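Letter by letter, the chains look like this.
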Amino acid sequence: QVRLVESGGGLVQAVGSLRLSCAAAGSIFSINAMGWHRPAPGKQRELVANITSGGSTNYADSVKGRFTISRDNAKNTVYLQMNSLRPEDTAAYYCAAESVVTTTHRYLEVWGRGTLVTVSS
């Protein structure tokens, strides 16, 4: 079984910063991509940013230049450094891991429970 444990959410004032962490727990052999998603109007969730095991990154246009995603493959952990936060960034942020291989199973997708980020104006 694989679990994603998120941390780092909280309340911050506009233009402030927060750092989210997501650690994958379990007998993990490999994870392809890890990333962060949040709810968006008209969508269940939108991609905020993701990163492959090789370090390739992808960002939503709305966060480019403000958010930075990074990853520690040895720890199966992904980070999201969020700078210059805006009230519209307020959301629950969900961590996701794609193509997870453990010693006994393969998972197409695994999701965390979410961590709440609130940005006050």
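Quick caveat, the model's predicted, so the values are computed rather than measured.

A. Representation of the overall build of the chain within the structure. Helix and strand content of the chain: zero helices and 12 strands. What you see for the chain is a C-alpha radius of gyration of 14 Å, in line with the 14 Å of a compact globule of 121 residues. Oriented by its inertia axes, the alpha-carbon framework of the chain measures out at about 45 × 25 × 25 Å. The buried share of the chain, reckoned over its 121 residues, is 44%. In the chain, 56% of the contacts between residues at least 6 apart in sequence involve partners at least 24 apart. A total accessible area of about 6,500 Å² is found for the chain, and carbon and sulfur atoms account for 47% of it.

B. Expanded view of the side chain of T102. As for its position among the elements, T102 is in strand 10 (residues 91-102). Note on T102: relative accessible area 7%, which makes it buried.

C. Inspection of the sheet that holds strand 8 (residues 67-72) at higher detail. The sheet built from four strands is open, its strands ordered 1-3-9-8 with antiparallel pairing. Of all the strands in the sheet, the pair left with one neighbour each is strand 1 (3-7) and strand 8. Across this sheet, the average inter-strand angle for adjacent strands is 15 degrees, counted without regard to direction. Judged from the six bridges that link them, strand 3 (residues 18-25) and strand 9 (residues 77-82) form a sheet pairing that is antiparallel. Paired with R19 across the two strands is Q81, which belongs to strand 9.

D. Expanded view of the packing of aromatic side chains. Following the criterion strictly, the structure yields zero aromatic pairs and no others. Of note, R45 hangs over the ring of Y94, and the distance from its end group to the ring centre comes to 3.8 Å. Above the face of the W111 ring, R45 is positioned so that its terminal group lies 4.7 Å from the ring centre.

E. Up close: the pattern of salt bridges. Throughout the structure, instances matching the rule amount to four salt bridges. Overlapping salt bridges, with partners in common, bring together R38, E46, R66 and D89 in one network.

F. Examining the nonpolar core more closely. With 31 residues, the main nonpolar core has W36, F67, I69, V78, L80, M82 and Y93 as its most contacted residues. For this core, the leading source of residues is strand 10, giving five residues. Excluding residues that lie within four positions of it along the chain, I69 makes contacts with M34, G35, W36, A49, N50, I51, T57, Y59, V78, Y79 and L80.

Criteria and thresholds
Residues numbered from 1 in each chain as written. Predicted model: local features only at pLDDT ≥ 70, side-chain atom pairs only at ≥ 80, totals over all residues. Heavy atoms only, no water. Helix = DSSP H or I, 4+ residues; strand = E, 2+ residues; numbered from the N terminus. Rg over C-alpha atoms; globule rule 2.2 N^0.38 Å. Buried < 20%, exposed > 50% of the residue type's maximum accessible area, 1.4 Å probe, protein only. Contact = heavy atoms within 4.5 Å. Areas by Shrake-Rupley, 256 points an atom, 1.4 Å probe, with all protein chains shown as cover. Pairing = 2+ DSSP bridges. Axes fitted to C-alpha atoms, helices over the stretch in contact; angles between N-to-C directions. Phe/Tyr/Trp six-rings, centres within 6.5 Å; stacked < 30°, edge-to-face > 60°. Lys NZ or Arg CZ within 6 Å of the ring centre and 35° of its normal. Salt bridge = Lys/Arg side-chain N within 4 Å of Asp/Glu carboxyl O. Core = buried A, V, L, I, M, F, W, Y, C linked by side-chain atoms within 4.5 Å.

Keep in mind these numbers describe shape, not what the thing actually does.
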